[in-house]
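# Structure at a glance
Here is how the chains run, residue by residue.
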Amino acid sequence: MRLDGRFGRFGGVYVPEILVPALEQLEAAFLDAQEDEAFRNELEGLLATYAGRPTPLTLCRNLGGSARIYLKREDLLHGGAHKTNQVLAQALLAQRMGKTRLIAETGAGQHGVATAMAGALFGLETRIYMGADDVERQQLNVFRMELMGAEVVPVTSGGRTLKDAVNEALRDWTASYADTHYLLGTVAGPHPFPLMVREFQRVIGKEAREQILEIEGRLPDAVIACVGGGSNAIGIFSDFIGDDGVELIGVEAAGKGIDGNEHGATLQRGRMGILHGAETLLLQDEDGQVDDTWSISAGLDYPAVGPEHAHLQEIGRASYVGVEDREALDAFVALARSEGIIAAFESSHAVAHALRLAEERGDNPILLVSLSGRGDKDMASAQRLLAR
Amino acid sequence: MTRYAAMFDRCARRGEGAFGAFLMLGDPDAGTSAAYLDALVAGGADMIELGVPFSDPVADGAVVQAAAVRALKAGVRTADCLALVAAFRTRHPDIPIGILTYANIVAARGIACFVQELAEAGADSLLVADVPGLEAEPYARAARADGIDLVMIAAAATPEPALRRIASLSSGYTYCVARDGVTGADRAPMLRHAPLFDALARLGAPPPVLGFGIGKPAHVREALEAGAAGVVCGSALVKLVEAGASPQALSSFVSELKDATRGRTQNLAFEAEKR
C-alpha cells in the first residue's frame, strides 16, 4: 500500500491476506487515475451527460420559518440518489483494471440500482447482495436492478440486512477478485474504499459550496446529512471542513429510541471495534459480537460507520445526532406536503434535524441539507406506516 | 521446544505429515463440544485448531458460519471458549492447540489481554483471519510477549513482500490456503503448492500447513507430496457435527485422514534423525 489508510486512529486494512493484493491493485489504480486527466475528463463527462450534474440547490419556500433551508438535490441525480456519483467513478476504475464483473452490497437498494446502471452502461456482469429483509421492504428497487440486468442475491444469514450483505460480498470477492471489482457503496470498508469513495463524493459539497456562495454571498451556518455508512455526509462535508464557522452535523437513525437496542446510532452509542475491514466505532456486545440494528430506512440500518466520521467526531470537527423513525416519517410527510418533494426515508432524517434546528435557533440560520435520495423506493412502506 | 516444533519433529521422525483438525468451540453447545474435541485426539490428530465464534465471519463459508451461529445461539461466549480450551489442555498436555478467530473478538478484550488469556488457558497459537501482515505487528508483539505463536495466512498469489512479512512476524506454522475464497469443502482444493512452499522455506517462514477444502485422504496425500508439512481439515469435520454425528464417528473420520499422512518415504525420517 502507498498510503496507511488511517483517519487518526480509525481505518486500516483488516481483511484476509488473500484480499490484500486486490486492495493494493485498487489503491494503485485509484491514485493513478486521480492524476490522469483523461480519466477525470471521462468521469466529468459522464457525471454531466449521463448522471445530470450539477444538481440544483433548492431553497425551501414553506418550511423552516425564519431559517433558510437549502436542499442539495442529489435525489434528482440519475438513479435517484447520490450513489451514482461514485459508482460511475468506480466502474471506470474497474474497466481500467481490466475487470469484467461487478459485485456490490446494498441496503435500501439505491447503491445496488446505481451499480446495476453502471453494469448495464459498461457491459459488466453484475451481482448485488442484499439482505433478505431488505429485499422484502425494497421490492421496487429489486425490480429496477433486475430490469437493468443485475442478479440480486438475497442474503439470509445474520440479521438479513446491510451488514450481512457486505459479509457476503466480501466472501464472493475473496474467490473472484481476479476478474471482479467489489464496488463498495460507502465510505466504510478497508482502505482504499473510505478515501476513494470520499474523493468521488466530494463533488456534492464542492457544488453546494459554490452554489450557496453564489446565492447567499456567504457560507451556511450548518451542513446536515444523514449517516449510515456515511458517504453522502462525507461528500457534502469535505469541502466545508476547512471552513471553521460552518457546523457539520451528521444524523444517525435513532430508530425506536437511542437508549434501547433498536437503532443504528453507531457514532453516539458504538465502541471501538473492527468490522468489514476497518477499525471504527461499532454497535456490539462486550465480547465483540456485532449487534443487529434497526431503522425504518434500510440505508441507515448498519452497525458500523465510515472511519473518517469516527475521526471527525473524535477531533470535534463534526457532531452527530439521532432522529427516530417517527420524526423521520413526520419530516418525510412535511417535505412532501409543503415543498412537493418526496425524499428517501434516509434523507428525511437529515430534513427532520434541519426542521428541529430551524425551530430551536432564533438567529435566522442558513441550513444546508443533503437530500441524498428520492423516496420512490419507500412508497410501499410509507403507505403501510401512514395508514396506521 | 514449543509444542508445534516438538510435534513437527515427532511427525518427521515417523515419516508422517501433520494432521490438523478444526472445530468451532461451543458447537453445538459447550458440553457436546468438549466430547467432540477429545474425539479429534482419539482419532489421531496431531494438532487441534479451534474457532472462537464471531457474528460476522467473512473468511468462512456456509458450514463454518453455521457452526458459529449454533455456538452463539447456545449462549457460548468467549470466556466459555477459553474455559473449554483450558479443560482440554488438562486432559491433553502435549498436543498443540491453535485458536482461530476474528479481529473484533480480540479487540473487544484488547490484544494483550486476549493473548494472555490464551496463554493461561494453555493454547499455543493464534490466527486472526482478518488481520493481514499489514496490520499484524501489534498482534505479533503481544503474542511474543506471552509465548503464543502468531500464525499467518499465505496463498499462492501472495506477493513476495507479504511473504517476507509473514516470515518475520509469524511462528508455529504457516497456514497456507489451498485456493482463493472462503473455508469450505464444497469446492475442490488445489493441492500442489510447491512454489509457495519453496518461497516460504527460502524466506525462513514457519512450516507450511495446507487448509481450505481438505476433506479426503487423496487431498491429504497430494498436499503432503507437494511439500506441505501438514494439512488442516475443518469444514468436513464441522459438517459431521452439524449432522449430529457421534464423537466416535468424528474419531474414525480423523483416523482415516490421519492414515493418509503416513507412508511417506523413509528419507524424511532419516533426515530428521540427521538433524
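Let me begin by describing the structure that accompanies this report. Everything quoted here is computed from the prediction, not taken from an experiment. (Residues numbered from 1 in each chain as written. Chains lettered and ligands numbered in written order. Predicted model: local features only at pLDDT ≥ 70, side-chain atom pairs only at ≥ 80, totals over all residues. Heavy atoms only, no water.)

Within chain B, the regular secondary structure consists of 13 helices and nine strands. Relative to the globule expectation of 19 Å for 275 residues, the C-alpha radius of gyration of chain B, 17 Å, shows essentially globular dimensions. Taking the principal axes of the C-alpha coordinates as reference, chain B spans close to 50 × 40 × 35 Å. The buried share of chain B, taken over its 275 residues, is 59%. Across chain B, the fraction of contacts at a sequence separation of at least 24, relative to all contacts at a separation of at least 6, is 73%. A total of about 10100 Å² of accessible surface is found on chain B, and carbon and sulfur atoms cover 54% of it. (Helix = DSSP H or I, 4+ residues; strand = E, 2+ residues; numbered from the N terminus. Rg over C-alpha atoms; globule rule 2.2 N^0.38 Å. Buried < 20%, exposed > 50% of the residue type's maximum accessible area, 1.4 Å probe, protein only. Contact = heavy atoms within 4.5 Å. Areas by Shrake-Rupley, 256 points an atom, 1.4 Å probe, with all protein chains shown as cover.)

Attention now goes to the sheet that holds strand β8 (residues 180-182) of chain A. All names here are of chain A. Ordered by their spatial adjacency, four strands build an open sheet running β7-β6-β5-β8, and the pairing between neighbours is parallel. Each having just a single partner strand, β7 (151-155) and β8 make up the two edges of the open sheet. Going from strand to strand, the sheet's axes swing by 20° on average, the running direction of each strand aside. Pairing of strand β5 (residues 101-106) with β8 involves three bridges; the strand directions are parallel. Bridging from a neighbouring strand, L102 pairs with H181 of β8. (Pairing = 2+ DSSP bridges. Axes fitted to C-alpha atoms, helices over the stretch in contact; angles between N-to-C directions.)

Another aspect to go through is the interface of chain A and chain B. Contact with chain A, which involves 31 residues of that partner, is made by 41 residues of chain B. Of the roughly 2700 Å² buried at the junction of chain A and chain B (both faces included), carbon and sulfur atoms supply 50%. Area buried by chain A at its contact with chain B is led by E17, R171 and D287 of chain A, which between them contribute 27% of it. Viewed at the interface, chain B and chain A are joined by four salt bridges. Here R109 of chain B ties to D287 of chain A by a salt bridge, and the two come within 3.3 Å at their closest N and O atoms. Taken together, chain A and chain B are joined by 21 residue pairs in polar contact (both at pLDDT 80 or more). Residue assignment for the side of chain A that touches chain B shows that the elements contributing at least two residues are α1 (20-34), α7 (162-176) and β11 (271-275) of chain A. Ranked by residues supplied to the side of chain A that touches chain B, first place goes to α7 of chain A with eight residues. Split into classes, the residues belonging to the side of chain A that touches chain B amount to 15 nonpolar, eight polar and eight charged. (Buried area = accessible area lost by both parts, 1.4 Å probe. Salt bridge = Lys/Arg side-chain N within 4 Å of Asp/Glu carboxyl O. Polar contact = N/O pair within 3.5 Å; in protein donor to acceptor, adjacent residues only side chain to side chain. Nonpolar A, V, L, I, M, F, W, Y, C, P; charged D, E, K, R; others polar.)

Let's shift gears to the layout of surface pockets. The gaps left among the atoms become clear once a water-sized probe is rolled over them. All names here are of chain A. Approximately 440 Å³ is the volume attributed to the largest pocket. What lines the largest pocket is a set of 17 residues, among which L43, E44, L47, E199 and V203 lie closest to the centre. Of all the secondary-structure elements, those providing two or more residues to the lining of the largest pocket are α2 (37-51), α3 (83-96), α8 (193-201) and α9 (203-216). Counting residues per element, the lining of the largest pocket draws most heavily on α2, at six residues. Class assignment for the residues of the lining of the largest pocket results in eight nonpolar, two polar and seven charged. (1 Å grid on protein atoms, 1.4 Å probe; cavity = no way out; pocket = protein on both sides within 12 Å on 5 of 7 lines; lining within 4 Å. Points joined across faces, edges and corners; volume = space filled by probe spheres on them.)

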